[in-house]
Amino acid sequence: MNENCFQKAKRVVVKVGTTTLTHAGGSVNIRGVERLVKTLADLKNASRELVLVSSGAIAVGMGAIGLPQRPYDIPSKQAAAAVGQCELMYLYDKLFSEYNHNVSQVLLTRDVVEDEHRKQNVINTFERLLEWGVLPIVNENDTVSYEEIVIGDNDTLSAIVAKLVRADALVLLSDIDGLYTADPREDPNAQLIPVVEEIDERILSLAGGSGSALGTGGMVTKIHAAQIAGEAGIDMAILNGSNPGLLYDLFDGKAVGTHFKGGKKHV
Ligand code: GLU
C-alpha cells in the first residue's frame, strides 16, 4: 500500500479555531476541548511530534469576564485575550497532564518571526521543546500586538509556525468539513473538494473576494495558509474540528476533509 503524506508525516502542526473551542457566548466547550486533547495526546503517544496553534483567547476571556459581546476596541480585546489565554492554558495543562503530557506556551508576533535573530531563537526553542516531548501551544501574543506587528489570524500564524518547525503537515480544524464548490450553507448542490493540487484562480475565487462563494467562514485565510505552507512544501488539510477523531482517519490515510498538496519541499 502506498503511504500518503499524512500517514508518513512525523511532525505536524494542528490549528484549532475559536468556534471549535467555545460555545457562542465564549464559555469553553468542555466536551469539544476534552475530545481534542484526548486525540492529540494519543497521536503524541503514537510518536507524532505535534505543535498546537490554538485560538480562543479573546472568546474565552470574554466568557470568563461575562462580557455580553465580543469587544471591538483594542484595549478590551487585548485585556480579554490576557484573561482568556491564561484560562485556556490552565485548561490545556490540566487536560494534557491527565495523559502525562507536558505543555508549553509560545506567544508570537509578526516582528519576532520577521527578524532573523529573534526568529532563530524561536526555532531553537521549538526544537528543544519537541526534543523534550513537550507540546508547544502557540497563539498570537494578542495582548501586545498592535497594527504594525500583528499577524492577525491564526490560520496564517499556523502556516508560519509550520514553516518555522519544518513540519511535514499542517492541519486546520475548522467549523466546516473542508473547501466546497459553493457555500454549503446556501447551496444544497455544493460539493466538498477532496484534493486541491494547485491554488489557481478558481480555488481563490471559491475562497473569497467579491461575489465569491465562501466570503465568510474564514476560507480566505485558510487558502492563504495553504499557499504559505505549500510554497514550503508542506501539505495541508482542512478538517471539521467538531470531530477530532477525523485526525485518526487522516493519519490512517483515509480521504477526509480537503487536502491541499504542498509543492516541492524547499531546503
Ligand atoms: N489570537 C486570537 C485569539 O486567540 C484568534 C485569532 C484567530 O482566530 O484567527 O482569540
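Since we're looking at a predicted model, the values are computed, not measured.

Enquirer: Explain the overall build of the chain to me, please; I cannot follow it from the model alone.
Expert: Looking only at helices and strands, one finds 11 helices and 8 strands in the chain. Classification of the 267 residues of the chain by burial places 51% in the buried group. Pairs at least 24 residues apart make up 73% of the contacts formed inside the chain by residues separated by at least 6 positions. Taken as a whole, the chain presents about 13,000 Å² of accessible surface, with 49% of it coming from carbon and sulfur. Counting 25 positive and 34 negative side-chain charges, the chain places the averaged centre of each group 5 Å from the other.

Enquirer: It is not clear to me how the site of the ligand should be interpreted in this structure. Could you clarify?
Expert: Taken together, Ser 55, Gly 56, Ala 57, Ile 58, Asn 139, Asp 142, Asp 153 and Asn 154 make up the full set of residues adjacent to the ligand. At a separation of 2.8 Å, a nitrogen atom of the ligand approaches a polar side-chain atom of Asp 142. A per-class count over the shell around the ligand returns 2 nonpolar, 4 polar and 2 charged.

Enquirer: So what exactly am I meant to see when it comes to the sheet that holds strand β2 (residues 49–54) here?
Expert: Sheets are built from strands that pair by backbone hydrogen bonding, the pairs being arranged parallel or antiparallel. Pairing is mixed in the open sheet, where 8 strands are placed in the order β3-β4-β2-β1-β5-β7-β8-β6. Each edge of the open sheet is held by one strand with a lone partner, namely β3 (103–108) and β6 (195–196). Sheet topology places strand β1 (residues 11–16) next to strand β5 (residues 169–174); 5 bridges connect them, and they run parallel. Paired with Val 16 across the bridge in β5 is Leu 173. Packing of helix α3 (residues 30–45) onto the sheet brings it into contact with β1, β2, β4 (135–140) and β5, and relative to β2 it is tilted by some 155°.

Enquirer: Looking at this model, I keep getting lost on the nonpolar core. Mind explaining?
Expert: Buried together is how nonpolar side chains tend to be arranged in soluble globular proteins. Val 13, Leu 108, Phe 126, Val 138, Val 161, Leu 170 and Leu 179 are the most contacted members of the largest nonpolar core, which has 46 residues in total. Other than its neighbours up to four places away in sequence, Leu 108 contacts Val 113, Val 122, Val 138, Asn 139, Glu 140, Asn 141, Leu 157, Val 161 and Leu 164. Residues Leu 40, Ala 41, Leu 43 and Ala 169 belong to the second largest nonpolar core, which totals 35 residues.

Enquirer: What am I meant to see in the pattern of salt bridges here?
Expert: Where side chains of opposite charge bring their charged atoms close, a pairing between them can arise. Taken as a whole, this structure holds 11 salt bridges when the rule is applied. In this structure, Arg 11 and Glu 49 form a salt bridge, with 2.6 Å as the shortest nitrogen-oxygen distance. With Arg 11 in strand β1 and Glu 49 in strand β2, this residue pair connects regions lying 38 residues apart in the sequence. Overall, Arg 11 belongs to the buried group, its relative accessible area being 14%. For Glu 49, a relative accessible area of 21% puts it in the partly exposed group. Two residues, Asp 249 and Lys 254, come together in a salt bridge whose shortest N-O distance is 3.6 Å. Under the relative-accessibility criterion, Asp 249 is labelled partly exposed at 22%. The network of salt bridges with common partners includes Arg 11, Glu 49 and Glu 127.

Enquirer: What am I meant to see in the packing of helix α8 (residues 154–164) against helix α10 (residues 219–231) here?
Expert: Two quantities define a packed helix pair, namely the angle between the axes and the distance from one axis to the other. Taken N-terminus to C-terminus, the directions of α8 and α10 make an angle of 10°; their axes are 8 Å apart at the nearest point. In terms of their interaxial angle, α8 and α10 are classed as roughly parallel. With respect to the hand of their crossing, α8 and α10 are arranged in right-handed fashion. Here Asp 155, Thr 156, Ala 159 and Lys 163 of α8 lie close against α10, whose contacting residues are Thr 221, Lys 222, His 224, Ala 225, Ile 228 and Ala 229.

Enquirer: What's the story with the pairing of β2 in this structure? I'm lost.
Expert: By the criterion of burial, β2 is predominantly enclosed, with 5 of the 6 residues buried. Pairing geometry for β1 and β2, over 6 bridges, is parallel. Bridged to Val 13 within β2 is Val 51. Relative to β4, β2 is paired through 2 bridges, and the arrangement is parallel. Across the sheet, residue Leu 52 finds its bridge partner in β4, namely Ile 137.

Enquirer: It is not clear to me how the confidence of the model for the chain should be interpreted in this structure. Could you clarify?
Expert: Close inspection of predicted coordinates is inappropriate for parts of the model with low pLDDT. On average, residues of the chain score 91 in pLDDT, and 94% of them are at 70 or above. Here residues 209–217 scores under 50 on pLDDT; set against residues more than four positions off or in separate chains, the count is 22 contacts.

About the thresholds
Residues numbered from 1 in each chain as written. Predicted model: local features only at pLDDT ≥ 70, side-chain atom pairs only at ≥ 80, totals over all residues. Heavy atoms only, no water. Helix = DSSP H or I, 4+ residues; strand = E, 2+ residues; numbered from the N terminus. Buried < 20%, exposed > 50% of the residue type's maximum accessible area, 1.4 Å probe, protein only. Contact = heavy atoms within 4.5 Å. Areas by Shrake-Rupley, 256 points an atom, 1.4 Å probe, with all protein chains shown as cover. Lys, Arg positive; Asp, Glu negative; His and termini not counted. Charge placed at Lys NZ, Arg CZ, Asp CG, Glu CD. Near = heavy atom within 4 Å. Polar contact = N/O pair within 3.5 Å; in protein donor to acceptor, adjacent residues only side chain to side chain. Nonpolar A, V, L, I, M, F, W, Y, C, P; charged D, E, K, R; others polar. Pairing = 2+ DSSP bridges. Axes fitted to C-alpha atoms, helices over the stretch in contact; angles between N-to-C directions. Core = buried A, V, L, I, M, F, W, Y, C linked by side-chain atoms within 4.5 Å. Salt bridge = Lys/Arg side-chain N within 4 Å of Asp/Glu carboxyl O. Parallel < 35°, antiparallel > 145°, perpendicular 65-115°, else oblique. Left-handed = near helix turned anticlockwise from the far one by under 90°. pLDDT = per-residue confidence, 0-100.

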